[in-house]
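# Examination of the molecular architecture
Chain by chain, the residues run as shown.
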Amino acid sequence: MHRVPNGKYNAKKGPKPVVLLQHGVLSSSAEWVLMTPGKGLAYILAEIGYDVWMGNARGNTYSRHHKSLVATSSEFWKFSWHEIGYYDLPAMIDYVIKETGAPKIQYIGFSQGTTVFWVMTSTRPEYNDKVSAMQALAPVVYLRNVRSPLVKAIAPFTNTLEIIFKLLGKNELLPNGKINELAGQTVCVEEAITQFLCTNLLFLVCGFNEEQLNKTMLPVVMGHTPAGSSTRQFVHFGQIYKSDEFLQFNHGWIKNKFVYGTFRPPAYNLSAIRTPAFLHYADNDWLSTPNDVHRLSRSLKSVVGKFRVPMPEFNHLDFVFAINATNYIYSRLINIMEQFK
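Given the structure is predicted, the values throughout are model-derived calculations rather than measurements. Residue positions within a chain follow its written sequence, with the count starting from 1. Confidence filtering applies because this is a predicted model: local features only for residues at pLDDT of at least 70, side-chain atom pairs given and counted only at 80 or more, and all residues used for totals across whole chains, interfaces and linings. As a rule here, side-chain values cover all heavy atoms of the structure and leave hydrogens and water aside.

## Comments concerning the side chain of Asn315
Looking at where Asn315 falls in the secondary structure, it is placed in the loop between β9 (303-308) and α12 (318-321). Since its relative accessible area comes to 3%, Asn315 is described here as buried. Note on conventions: DSSP H or I runs of at least 4 residues are helices, E runs of at least 2 residues are strands, and numbering of each starts at the N terminus. Note on exposure labels: buried denotes an accessible area under 20% of the residue type's maximum, exposed denotes more than 50%, and partly exposed covers the range between, all computed with a 1.4 Å probe on protein chains only.

Written out as structure tokens, the structure is:
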């Protein structure tokens, strides 16, 4: 985990409201600070008096250690976002509460950062009482209406891909390394004629919005993202897309019977979620589409508010990297959070 305990101009001592930020798939805590002070959400929250904590999902650049396993072993990578939500996120919350003495914290999740929260609060409902409010940026539970052509092309073959990855001994997807170094220092820099490749790859997955893309910062973003994830995280999302249900990981009917006691993986019990939730979505988000967010809103009894970003072109990554994210999303989010301090 990483922490921003106070702002550059606000170093007030004493008890503060505490917030935990959880990033999206293939990313890391870096996504909250890459946009520099005054722009990155972690800095903005610290400056107005929050004690800001940022989690890292198992397997990314900053979360590759284990008591008994090494990241080069296949055993290390036998997890999807279910394990991140069931084991890791509760551990982070318990640690933050222990370190700060806060009775409750607030939570902000982006994309997969919302998925793991729904996993935690549905399978371990006692954690509903440890979070006073949840802000869901581009929430992901249902994926039936995904619009990204790249994702739609790959998703139907996720189970086959897992078998291929196993045969190849490939358990990790897109770790931070030489690709990031090349993209960050050469291919994606503003003056490079190849920069359009970087922008169009991002747009092909997340939706087009050139107006809000900070091309000057693109090399910095690409230097940190992707930050790695397990192949099972993507397989699990692919299963959600194919089944059109929010189910636990499908191991195949024989192993399902052994793991779950049923041939089919159980559905997550969304009715167990009690934390007040605020859903923030965008029309041009090709991954967390408005129709799927509306469906989630109907499925969750604890949804207090649902907010559309007032810009038709706003896309998935704009929630964390947009030039004017403060105007379009963060100001409203902070106003809501102030009610729970």
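## Regarding the pattern of salt bridges
In what follows, salt bridge is the name for a side-chain nitrogen of Lys or Arg lying within 4 Å of a carboxyl oxygen of Asp or Glu. As enumerated under the stated definition, the model contains 14 salt bridges in all. Across the pair Arg144 and Asp244 runs a salt bridge whose closest N-O atoms are separated by 3.8 Å. Here Asp244 lies in the loop between α9 (231-243) and α10 (253-260) and Arg144 lies in the loop between β5 (131-137) and α4 (149-154), a separation of 100 residues in the sequence. Judged by its relative accessible area of 36%, Arg144 falls in the partly exposed class. One salt-bridge network, in which partners are shared between bridges, spans Arg144, Asp244 and Arg295.

## Concerning the nonpolar core
For the purposes of this section, nonpolar cores are sets of buried Ala, Val, Leu, Ile, Met, Phe, Trp, Tyr and Cys residues that join through side-chain atoms within 4.5 Å. Within the largest apolar cluster, 49 residues are counted, with the highest numbers of intra-cluster contacts made by Leu89, Ile93, Trp118 and Phe246. For this core, the elements supplying multiple residues, two or more each, are β2 (18-22), α2 (81-100), β4 (105-110), α3 (112-123), β5, α9, β8 (277-281) and α11 (290-299). A per-element tally of this core places α2 first, with seven residues. Whether two residues are in contact is decided by their heavy atoms, any of which lying within 4.5 Å being enough. Beyond its immediate chain neighbours, meaning those up to four positions away, Phe246 contacts Trp81, Thr115, Trp118, Val119, Val141, Tyr142, Ile240, Ala267, Tyr268 and Leu270.

## Section: unusual backbone geometry
Outside of glycine, negative phi angles account for most residues, and trans bonds account for most peptide bonds. In the segment running from Thr225 into Pro226, the intervening peptide bond is cis, with an omega of 5°. Tracing the chain through its elements places Pro226 in the loop between α8 (218-224) and β7 (229-230). For Leu26, which is not a glycine, the phi torsion comes out positive at approximately 65°. Tracing the backbone through its elements, the reader meets Leu26 in the loop between β2 and α1 (41-47). Assessed through its relative accessible area of 16%, Leu26 is described here as buried.

## Side note on the packing of aromatic side chains
Two rings from Phe, Tyr or Trp (for Trp, the six-membered ring) form a pair when their centres sit within 6.5 Å of each other. Planes less than 30 degrees apart are called stacked, planes more than 60 degrees apart edge-to-face, and all others tilted. Counted under the stated rule, the structure contains 17 aromatic pairs. Measuring from centroid to centroid gives 5.8 Å for Phe278 and Phe340, while their planes differ by 75°, and the two rings are edge-to-face. Of this pair, Phe278 sits in strand β8 while Phe340 is found in the segment after α13 (325-338), placing the two residues 62 residues apart along the sequence. Assessed through its relative accessible area of 6%, Phe278 is described here as buried. The partly exposed category is assigned to Phe340, whose relative accessible area is 28%. Feature note: the residues Trp81, Phe237, Phe246 and Tyr268 constitute an aromatic cluster, connected by ring pairs.

Note that every value here comes from positions in space, so none of it alone points to a role or purpose.
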